[in-house]
Amino acid sequence: MTIQPNSLEARDKAYHLHSYTNARALERDGALVIERGEGIYVYDNAGKQYVEGMAGLWSVGVGFGESRLVEAAAKQMAKLPYYHTFTARTHSPSVELAEKLIQMAPVPMSKAYFTNSGSEANDTAMKIVWYRSNALGKPDKKKIISRTKGYHGVTIASASLTGLPNNHRSFDLPLARVLHTSCPHYRAFKTEGETEAQFVERCAKDLEDLILKEGPDTVAAFIGEPVMGAGGVIVPPAGYWEAIQKVLKKYDVLFIADEVICGFGRTGEMFGTTTFDLQPDMITLSKQISSSYQPISALLINEAVYQPLADESAKIGTFGHGVTAAGHPVAAAVALENIRIIEERDLVGNVRTLSPRFLARLKAIGENPLVIETRGVGLIGAFELAPREGFAAGQLGPKLFSHLMEEGVISRAIGDSMAFCPPMIITQEQVDDMFDKVERGLDKFARELTA
Ligand SMILES: Cc1ncc(COP(=O)(O)O)c(C=O)c1O
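What follows is about the sheet that holds strand β7 (residues 219-224). Strand order in the open sheet formed by seven strands is β4-β10-β9-β8-β7-β5-β6, with mixed pairing between adjacent strands. With partners counted over all chains shown, the strands left at the sheet margins are β4 (111-115) and β6 (178-181), one partner each. Neighbour-to-neighbour, the strand axes of this sheet turn through a mean angle of 20°, independent of strand direction. When strand β5 (residues 143-147) meets β6, the two strands line up parallel, connected through four bridges. Directly across from R147, in β6, lies its bridge partner T181. The sheet strands contacting helix α5 (residues 92-104) are β4, β9 (282-285) and β10 (297-301), and the helix crosses β4 at an angle near 125°. Of the strands in this sheet, β4, β8 (254-258), β9 and β10 touch helix α12 (residues 303-316), which is tilted by about 90° from β10.

Written out as structure tokens, the structure reads:
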């Protein structure tokens, strides 16, 4: 497509550095301009409709164009457009949201702490883990274990926790004191003849061996997504979380559940913690907390985390942490209304109702000889393209992505896996329509490959 001078695309190329984009390719090709959204659909500036099969960035749970969220924002903007929560100030949206989150938490939690992104929530979790260890007189207990292919964000701390090479390479990361253990993707990482149960046992042993090698007195916390998202939608095998949590308990290692994608219904329960029977000490939330209509994230901490933190802040005189827009009244008001919508419309029930259809359609795609595996739970899933002669790993996914875009479906190519995570308001007809389009795109891709 030629880019017209002074068009949005031309100005974007001239002035805008994009996240997760090859800057040189953008100079050549420009960006796709998305102009508006309605329900599960978005429209580009040429008027083309796309099924937003990824709900933006795994986040627009209630769909686009939800007027109740617009009204909640406008109302709060008019009443109190900004106030902070530093130095013992507060306002009703942040009070109500904290109360709501603690009441709906899947395991007993004590306090909610607000930030603006998933990265900041995880960054804060890491700082609180360190602060707490110092409070407990355990200054050496600071290491945090994450997993290969885990995704926890991009700040210096959270990118260190992320277990993906492109978040470390050339950024001089990860930080010291962040360690990575094995990824629970059975098909990709099983050894010859290893059963799923043996694989689970090995994952738990890898974690235990790492803790023992580093010294249990130096390992403070473990962080994991109930289902890995950006690592390729990796649903852990049966028994995995039980085995991992046993090791964490044994060595007094805190568990941080990163619910930034799973939270607020994605897996068919309000939280992934419930789906996988987790007992975390801290939970990070973002994305579907406000359906991304406003930037907001939250960290929930239990009493075992809160009490030493409170003692330390009393000793020092302050908890020296916080960002200007934390618990922003407009974002908090939107989050509250968004959670109300999720509850009133029983969107978690909708995920549970539609999940069998969603997973069956994915599984049917798995019959295609181009596909090696399908994975999913609730309304999050992926299919992975089989390795193919003449293509390096990770080259097939982006090519298929372009075909799906032509068909009018936005997915996400994660290497050679195609991820799907549609808005939770989707209907069965729309699930079918999305996968009909995916199948057409896949057929065209197959013809191209064999031409
Ligand atoms: C599981 C998980 N944690 C953390 C993050 C980081 O969130 P943010 O992009 O808001 O910083 C993401 C973002 O995709 C995520 O998927």
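On we go from here.
The next thing to look at is the packing of helix α14 (residues 347-365) against helix α16 (residues 428-450). Close contact between α14 and α16 brings their axes to 10 Å; oriented N to C, the two are set at 10°. Between α14 and α16, the angle is such that the two are roughly parallel. Contacts from L354, R357, F358, R361, L362 and I365 in α14 reach Q428, V431, D432, M434, F435, D436, V438, E439 and L442 in α16.

This brings us to the domain arrangement of the protein chain. Considered domain by domain, the protein chain is made up of domain 1 (32-62 + 346-450) and domain 2 (69-344). Taken together, the contact pairs 30 residues of domain 1 with 30 residues of domain 2. Both sides of the domain 1 and domain 2 interface together cover about 2,300 Å² of buried area, and 63% of this is carbon and sulfur. Contact with domain 2 buries area across many residues of domain 1, yet W58, V62 and V348 alone supply 25% of it, more than any other trio. Counting the contacts that link domain 1 with domain 2 gives three salt bridges. Between E269 and R352 there is a salt bridge, with the nearest N and O atoms lying 4.0 Å from each other. For the side of domain 1 that touches domain 2, the element with the highest residue contribution is strand β11 (residues 371-377), accounting for five residues.

The next point concerns the site of the ligand. Residues in contact with the ligand, as listed here, are S117, G118, S119, N122, Y151, H152, G153, E225, D258, V260, I261 and K287. Contacts to the ligand include K287, whose side-chain N or O atom sits 2.8 Å from an oxygen atom. Coverage of the ligand by the protein amounts to 84% of the 390 Å² it exposes when considered alone. Considering each element in turn, the shell around the ligand owes the most residues, three residues, to helix α6 (residues 118-135). Classifying every residue of the shell around the ligand gives three nonpolar, six polar and three charged.

Attention now moves to the packing of helix α15 (residues 396-407) against α16. Their axes nearest at 8 Å, the elements α15 and α16 cross at an angle of 125°. Of the possible angle classes, the one that applies to α15 and α16 is oblique. Where α15 crosses over α16, the two elements pack in a sense that is right-handed. On α16, the residues that touch L396, K399, L400, H403, L404 and E407 of α15 are K437, V438, R440, G441, L442, K444, F445, E448 and L449. A class-by-class count of the residues in the contact of α15 with α16 yields seven nonpolar, two polar and six charged.

Definitions and cut-offs
- Residues numbered from 1 in each chain as written.
- Predicted model: local features only at pLDDT ≥ 70, side-chain atom pairs only at ≥ 80, totals over all residues.
- Heavy atoms only, no water.
- Pairing = 2+ DSSP bridges.
- Helix = DSSP H or I, 4+ residues; strand = E, 2+ residues; numbered from the N terminus.
- Axes fitted to C-alpha atoms, helices over the stretch in contact; angles between N-to-C directions.
- Contact = heavy atoms within 4.5 Å.
- Parallel < 35°, antiparallel > 145°, perpendicular 65-115°, else oblique.
- Domains from an automatic or database assignment.
- Buried area = accessible area lost by both parts, 1.4 Å probe.
- Salt bridge = Lys/Arg side-chain N within 4 Å of Asp/Glu carboxyl O.
- Near = heavy atom within 4 Å.
- Polar contact = N/O pair within 3.5 Å; in protein donor to acceptor, adjacent residues only side chain to side chain.
- Areas by Shrake-Rupley, 256 points an atom, 1.4 Å probe, with all protein chains shown as cover.
- Nonpolar A, V, L, I, M, F, W, Y, C, P; charged D, E, K, R; others polar.
- Left-handed = near helix turned anticlockwise from the far one by under 90°.

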